Amino acid sequence: MAIKNFKFIHVSDLHIGREITKKYSFLDPDQEIRVRRSPIKVLDNLVALAEEEQPDFILLAGDTFDDDMPSSDNYFKKFKNFLKKLDQLNIEIYIVLGNHDVASDLLTSFEAKKLPENTYVFPAKNADTFTIENFKVAINGQSYPEKVVTEKLVENFPQPVSDFYNIGIIHTNYQGAEGGEDTHNYAPTNKPMLDKIEYNYWAFGHIHKRQVVINEPYIAVYSGNPQGLNTKPAET
């Protein structure tokens, strides 16, 4: 399998729009300002990282927003501006929706061609595949069709594209992952399920603790959230 070298960034669980400071009245004024800005600051940090690392694409594995974010909201507009900055850097981004942002306008905006051309949002009705011919990469994923998903979505993911590097992207609770017992068991996965599909890399979202859950013969990773969202050890 002749595959050109490529680089990507895997991120998830930005939870843009979460009012973090509601829970922490003990913060001093300077800390409160920093915490309030953190949901947007993370977008600036990602752009800076992309400028430095020059990835070929970015994977965003769900819960971009913390709630049902309409396209008219300022947070949505700021995220769209983030997408435009990536487009100017010639970096593509592939997104799935999770349980928090399932009712946001991300998917409908993509379907209506209202997002930059570098942006791809996976459908919710079924798993789909986007291919990057230049690098022989196939990215397979599915957005949540509703907030509570107990079905094993991975079982219906497409077979790998022959002679391509195949990536799966999903917002999931992987059996045995650290922190999985403390979160909703949505779109559950386990190693026997993944073994059957034979992808090369799995980009997981949902559990906020960064961890590699499978090392070989393929890789499965939780990127973790890029900023602390509460005082749990996994998020600070």
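Residues numbered from 1 in each chain as written. Predicted model: local features only at pLDDT ≥ 70, side-chain atom pairs only at ≥ 80, totals over all residues. Heavy atoms only, no water.

Draft legend 1. Region of interest: the nonpolar core. Judged by nonpolar contacts, the single largest core of 28 residues is most densely connected at Leu 14, Leu 43, Phe 79, Phe 82, Ile 93 and Leu 106. Elements represented by at least two residues in this core include exactly β1 (8-11), α1 (29-53), β2 (57-61), α2 (74-88), β3 (92-96) and α3 (106-111). In contact with Leu 43, other than residues within four places in its own chain, are Leu 14, Ile 16, Lys 78, Phe 79 and Phe 82. Judged by nonpolar contacts, the second largest core, of 23 residues, contains Tyr 144, Tyr 186, Trp 202 and Tyr 218. (Core = buried A, V, L, I, M, F, W, Y, C linked by side-chain atoms within 4.5 Å. Buried < 20%, exposed > 50% of the residue type's maximum accessible area, 1.4 Å probe, protein only. Helix = DSSP H or I, 4+ residues; strand = E, 2+ residues; numbered from the N terminus. Contact = heavy atoms within 4.5 Å.)

Draft legend 2. Quick look at the side chain of Asp 63. Relative to the helices and strands, Asp 63 is located in the loop between β2 and α2. Given a relative accessible area of 2%, Asp 63 falls into the buried group. Ignoring any residue separated from it by four or fewer positions in sequence, one finds Asp 63 in contact with Asp 13, Leu 14, His 15, Gly 98, Asn 99, His 100, Asp 101 and His 171.

Draft legend 3. Local environment of the pattern of salt bridges. Applying the stated criterion across every chain yields a total of two salt bridges. Note that Asp 195 is salt-bridged to Lys 191, the shortest N-O span being 3.1 Å. Here Asp 195 and its partner Lys 191 are both found in helix α4 (residues 191-197), four residues apart, which amounts to about one turn of the helix. Take Lys 191: its relative accessible area is 31%, and that puts it in the partly exposed class. (Salt bridge = Lys/Arg side-chain N within 4 Å of Asp/Glu carboxyl O.)

Draft legend 4. The arrangement of the environment of Arg 210 in detail. Tracing the chain through its elements places Arg 210 in the loop between β8 (201-205) and β9 (211-214). When the C-alpha atoms of Arg 210 and Gly 179 are compared, they prove to be 9.9 Å apart, with 31 residues separating the residues in sequence. Apart from residues lying up to four places away in sequence, Arg 210 is in contact with Tyr 222, Ser 223, Gly 224 and Asn 225. Polar contacts involving the side chain of Arg 210 include one to the main-chain carbonyl oxygen of Ser 223, which spans 2.9 Å. (Polar contact = N/O pair within 3.5 Å; in protein donor to acceptor, adjacent residues only side chain to side chain.)

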